[in-house]
Amino acid sequence: MDFLTKKELKKYMRLRKKALKLPVPQRMMTNGEYHPKPQTKQQKEVEARLKEKADTLGKKMGMNRREFLRSASGMAAAFLAMNEVHGHVFNVDPAEAADIEMAEAVRAGMRGQFILDDQTHFVRDDYSWEGLNFLREFAKGNNPEKTPWNRALVGSTTTLDDYHFDKYLKAFFLESDTTVPLISNATFDDPEKWLISDETALSTRDTINSIAGTTRMLGHALFWPGHPGNEANMERISQTLKPSAWKGYTVGDPLGPSEWPWMLDDEKLTYPSYQIAEKYGVRNICIHKGLMPDNYEQAFPTWKYAHVDDIPKAAKDWPGLNFVIYHSAIRPLFDAVQANADFEKTGKLPWIDEVSEMNPAAGINNVYGEIGSSFAMTVITYPRMCAYLLGRLITGLGADHVVWGTDSIWYGSPQWQIEAMRRIEIPNDMQDKFGFMPLGPGDGAIKNGILGLNSARIYSLGMMADGKPVENYENDGIAQMQAEYRAAGKDGDKFFHSWLAKQDWSRVEIAAKKHKEFRAQAAKTYVARNDIPKPWVVLPKTATEPRPVPNLEDEPA
């Protein structure tokens with residue numbers, strides 16, 4: 001790796017401060033370690049066209065270049081410039097760039113759209129593993145492309161405080177158009193890395209819904225076949241907290257080697273978990289798949305557990321369950337440079353293509369593609385590849401089997417992803433080549449389905465015949481908070497923290513400590529930790545031998 005000297009670093013930092021901040025970034029920046037790649041020909045052309053539009057249109061509106069680029073019209077102009085260079089990838093009316101009131105009206109007109117975010121995160125207040133910060137650093141532009149996904153994060157300092165619940169609440173309910181987020185979680189071999197407990201996730205869900213008077217939150221509980229205590233924990237959680245869904249990581253630990261990887265179609269190890277899910281009527285099984293580094297076969301010993309070979313049999317054997325495949329199993333782990341180069345040559349997107357083939361034609365009707373980080377990491381950096389991803393999933397699984405997720409708060413407010421989803425379109429040449437249908441307008445049937453209605457169906461949220469939710473989200477407790485926040489203007493943050501201070505969060509804290517009975521039972525056999533939130537049971541490292549990697553050499557990788 002070609003590291004920077006102090007002199008070079010100072011030079012790049014000066015250039016970075018002087019660089020024009022564009023609504024859709026077109027210039028790679030250094031993260032302070034190595035030289036940024038030069039702008040591509042396409043990026044230079046987009047930036048030049050956007051500057052020209054900003055000068056011309058901004059002058060007519062009485063704005064300078066920077067003021068224009070910060071406005072809603074500046075965002076529209078950025079999408080126009082990208083379309084002129086990359087082809088028609090984003091839906092945007094040229095009038096939006098020329099008329100700021102029209103651009104603002106387009107934004108405001110979408111606020112009532114029902115959006116269910118199938119994958120969201122926050123961490124407990126005492127969370128201490130700094131390694132988690134790499135997620136936001138990628139979104140800021142410290143990624144292989146050196147291109148920010150969320151421009152609002154550029155220049156900020158990342159700390160674990162950015163992932164706390166107050167930031168989560170503000171990002172989803174005040175800074176985005178999200179209607180219902182689903183609180184998610186993750187399994188790690190190291191208990192210190194666990195984000196929150198099941199109790200915290202589901203009690204937070206109940207607290208928010210109580211304040212709102214509507215279903216404003218859903219929540220996962222974790223299951224981990226092969227991990228000691230899994231089935232007992234599923235029984236306990238099902239009886240006491242009633243999860244909205246179960247979530248699992250077949251690799252065991254998503255960020256490294258694990259002692260407890262498992263397969264979806266393991267009849268002995270995993271099927272008892274499905275039996276418990278069905279027993280208590282929790283039909284949605286959310287599974288993290290994909291997201292492997294380029295050298296995954298050497299660097300990730302359990303990579304075959306992240307593959308999708310085990311989905312079809314499990315889905316066929318359990319037709320009463322919905323298997324929601326997170327990230328739709330896209331293979332690259334954020335580093336999509338090589339994946340995009342391969343895609344441009346072959347027209348293939350590893351593991352996305354395989355998931356899309358798990359459809360009614362293959363005798364499967366209960367596999368759903370959640371787009372999660374696969375959308376976040378491609379829509380700005382590689383919009384054509386992102387368009388293919390959406391088109392392939394829709395054509396294969398069906399438009400009603402693709403669901404929205406942002407994997408935020410890792411990447412800041414989810415609003416930038418919502419705006420991009422509303423705008424993105426499959427280019428005409430791609431429609432012709434692959435037989436993809438257009439995605440249509442931001443509030444059209446396909447995008448309404450992906451952004452919320454498909455998940456509303458599988459999570460059994462009541463919807464009226466016109467597709468609108470039965471529950472009165474427009475006038476509930478959260479909507480009132482949103483209205484007061486917007487009315488407060490510059491003092492909105494003061495209002496928000498005052499609102500937080502008035503809420504009784506003790507219910508969440510108390511529920512998060514109700515592990516005593518289970519811990520007492522688990523301690524008879526296993527070594528349990530007393531500090532909560534943590535995994536339900538933590539074993540000594542020697543308690544269980546690692547499971548062997550399955551022999552899939554004859555299967556296509």
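Not measured: the values here are computed from a predicted model.

Novice: Outline the sheet that holds strand β5 (residues 284-288), listing residues and values.
Specialist: In a beta sheet, neighbouring strands pair by backbone hydrogen bonds and run either parallel or antiparallel. One open sheet accounts for 8 strands, arranged β1-β2-β3-β4-β5-β6-β7-β8; its pairing is parallel. What marks the edges here is a single partner per strand, and that holds for β1 (116-120) and β8 (402-403).

Novice: So what about helix α15 (residues 337-346)? Which residues, and what values?
Specialist: Residues A339, N340 and F343 constitute the buried set of α15. Seen along its axis, α15 keeps its buried residues to an arc of 95°; they face one direction. Buried positions along α15 lie against α18 (383-397) and α20 (428-434). Looking one or two residues beyond α15, the residue adopting positive phi is G347, at roughly 70°.

Novice: So what's going on with the pairing of strand β6 (residues 322-326)? Which residues, and what values?
Specialist: Where burial is concerned, most of β6 is hidden: 5 out of the 5 residues are buried. Residues N322, V324 and Y326 line one face of β6 and the alternating positions F323 and I325 line the opposite face, and both faces are buried. Note: β5 against β6, 5 bridges, orientation parallel. Directly across from I285, in β6, lies its bridge partner F323. Of the pairings in the sheet, the one linking β6 to strand β7 (residues 367-370) comprises 3 bridges and is parallel in character. By the bridge assignment for β7, V324 is matched with Y368.

Novice: Which residues make up the nonpolar core, and what values go with them?
Specialist: Membership of the largest hydrophobic core comes to 135 residues, with the highest contact counts inside it found for Y274 and F323. Not counting chain neighbours up to four residues away, the residues in contact with Y274 comprise F223, L264, I285, A314, W318, L321 and F323.

Novice: Any details on the side chain of D310? Residues and values, ideally.
Specialist: Relative to the helices and strands, D310 is located in the loop between α13 (303-306) and α14 (311-317). Here D310 falls in the buried class, since its relative accessible area comes to 1%. Within the structure, D310 has its side chain in polar contact with the backbone nitrogen of L264 (distance 2.8 Å). Setting aside anything within four residues of it in sequence, one finds D310 in contact with T250, M263, L264, D265 and K289.

Novice: Run through the packing of aromatic side chains, naming residues and quoting values.
Specialist: Here the structure, examined in full by the defined rule, presents 20 aromatic pairs. Centre to centre, the rings of F79 and F90 are 4.7 Å apart; their planes meet at 40°, and the pair counts as tilted. With F79 in helix α4 (residues 72-86) and F90 in the loop between α4 and α5 (94-98), this residue pair connects regions lying 11 residues apart in the sequence. Given the relative accessible area of 3%, F79 is considered buried. Ring centres of W224 and W260 lie 5.7 Å apart, and the angle between their planes is 85°; on these two criteria the pair is classed as edge-to-face. With W224 in the loop between β3 (218-222) and α10 (230-240) and W260 in the loop between β4 (245-249) and α11 (271-279), this residue pair connects regions lying 36 residues apart in the sequence. By relative accessible area, W224 is classed as buried at 1%. Look at W260 and you get buried, because its relative accessible area is 5%. Members of the aromatic cluster, connected to one another through ring pairs, are F122, F165, Y168 and F172.

Quick notes on the rules
- Residues numbered from 1 in each chain as written.
- Predicted model: local features only at pLDDT ≥ 70, side-chain atom pairs only at ≥ 80, totals over all residues.
- Heavy atoms only, no water.
- Pairing = 2+ DSSP bridges.
- Helix = DSSP H or I, 4+ residues; strand = E, 2+ residues; numbered from the N terminus.
- Buried < 20%, exposed > 50% of the residue type's maximum accessible area, 1.4 Å probe, protein only.
- Arc of directions from axis to C-beta.
- Contact = heavy atoms within 4.5 Å.
- Core = buried A, V, L, I, M, F, W, Y, C linked by side-chain atoms within 4.5 Å.
- Polar contact = N/O pair within 3.5 Å; in protein donor to acceptor, adjacent residues only side chain to side chain.
- Phe/Tyr/Trp six-rings, centres within 6.5 Å; stacked < 30°, edge-to-face > 60°.

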